[in-house]
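Examining the three-dimensional arrangement
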Amino acid sequence: MVLAKGVRIPVVWSRELPPEPTSVRITQDSLGHWYASFVVHRTVEPAAMAEGSIGIDWGVRTTATTTDPAFDLPHRGHRARCASELARAQRKSSRRHRKGGPQSRGYQRAARMVAKLHKKAARQTQHDARMWAKSVVDNHDVIAVEDFTPKFLAKSTMARKAADAEIGAAKREIIERGERAGRMVVLVRPAHTTMTCSSCFARAKQRLELAERVFRCHACGFTEGRDRNAARVILAVAERGHTRVEDVSQSGHRLPVVGSVAV
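Read on for an overview of the structure.

**Quick notes on the environment of Thr62**
Mapping Thr62 onto the fold places it in strand β4 (residues 62-66). With 12 residues separating them along the chain, Thr62 and Pro74 place their C-alpha atoms 4.7 Å apart. Not counting residues up to four positions away in its chain, the partners in contact with Thr62 are Leu73, Pro74 and His75.

**What about the side chain of Thr66?**
Tracing the sequence through the fold places Thr66 in strand β4. A relative accessible area of 0% places Thr66 in the buried class. One polar contact links the side chain of Thr66 to the main-chain carbonyl oxygen of Asp68, over a distance of 2.5 Å.

**Some points on the sheet that holds strand β5 (residues 73-74)**
With mixed pairing, the 5 strands of this open sheet are ordered in space as β5-β4-β3-β6-β7. Each having just a single partner strand, β5 and β7 (184-188) make up the two edges of the open sheet. Across 3 bridges, the pairing between strand β3 (residues 53-58) and β4 is antiparallel. Paired with Asp57 across the two strands is Thr65, which belongs to β4.

**Things to note about the layout of surface pockets**
Looking at the largest pocket, its volume works out to about 1,100 Å³. Lining the largest pocket are 22 residues; nearest its centre among them are Ser14, Arg15, Ala36, Ser37 and Phe38. Broken down by element, the lining of the largest pocket gets its largest block of residues, 5 residues, from strand β2 (residues 34-39). The residue makeup of the lining of the largest pocket, split by class, is 14 nonpolar, 4 polar and 4 charged.

**Details of the packing of aromatic side chains**
Centre-to-centre distance and the angle between the planes together describe a pair of aromatic rings. Summed over all chains, the structure comprises 2 aromatic pairs. Residues Trp13 and Phe38 carry aromatic rings whose centres are separated by 5.5 Å and whose planes lie at 25° to one another, so their mutual orientation is stacked. Of this pair, Trp13 sits in the segment before β1 (23-28) while Phe38 sits in strand β2, placing them 25 residues apart in sequence. Both rings, one in Trp58 and one in Trp132, keep their centres 5.9 Å apart while their planes meet at 70°; by these two values the pair is edge-to-face. Note that Trp58 is positioned in strand β3 and Trp132 in helix α3 (residues 105-139), a separation of 74 residues in sequence.

**Observations concerning the state of the cysteines**
This structure, assessed with the given rule, holds 0 disulfides. For the unlinked cysteine Cys197, the closest cysteine sulfur is that of Cys217, found at 3.7 Å. A relative accessible area of 0% means that Cys197 is categorised as buried.

Rules used in this analysis
- Residues numbered from 1 in each chain as written.
- Predicted model: local features only at pLDDT ≥ 70, side-chain atom pairs only at ≥ 80, totals over all residues.
- Heavy atoms only, no water.
- Helix = DSSP H or I, 4+ residues; strand = E, 2+ residues; numbered from the N terminus.
- Contact = heavy atoms within 4.5 Å.
- Buried < 20%, exposed > 50% of the residue type's maximum accessible area, 1.4 Å probe, protein only.
- Polar contact = N/O pair within 3.5 Å; in protein donor to acceptor, adjacent residues only side chain to side chain.
- Pairing = 2+ DSSP bridges.
- 1 Å grid on protein atoms, 1.4 Å probe; cavity = no way out; pocket = protein on both sides within 12 Å on 5 of 7 lines; lining within 4 Å.
- Points joined across faces, edges and corners; volume = space filled by probe spheres on them.
- Nonpolar A, V, L, I, M, F, W, Y, C, P; charged D, E, K, R; others polar.
- Phe/Tyr/Trp six-rings, centres within 6.5 Å; stacked < 30°, edge-to-face > 60°.
- Disulfide = S-S within 2.5 Å.

In structure tokens:
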């Protein structure tokens, strides 16, 4: 490949380009690897028809809890598994660091190993999110997603585990894939989804602590896992053409589905 000013570099192709590219973007990651992203015009193949609806609730113990247990995204903890190896690499990098002078090749090798371990865990988590999003999109035509912003978790005691789960990346992946496939993607506000019964839509008067993982409705006696119940509430709100719990009345919860809203 020939770049500006006649610079020639060898290219290892990951796949063949369908037509001729119109532009290219060169990037470098933390490991010093270079990547070329080409912009090409291609025809979008229509996605296969799918039937069914699914609601998605985000969490830390389980990254994504859905209305169907077969499509849950478990928290695999890739960074936690390589924590000991990463700690050794960071200690080696710290010992070889020079203050106020050029760094040695030993320090550069140690720093590269630290970056490599971080990149490995991030790639594993990204791969899991992509495979999960593909399976959800391929099997459902209506996808109700909790419009959750995990920024506040960075200031809590669950910061490290939340960063390892990468909820934002999984949420972005499911939304982008759903839109590309032409699915109905509904973003539902998370307010009161955990405190609302998915069976009768009565709201619990008591506050649910994080340690309480089972939801019990005192109005109808319905019992379900906390996150599973929230996923069912999110789907019920989306199926009735709304984006928040307050817009769905308790009396109209059991009415037939009248439509959906894409956000």
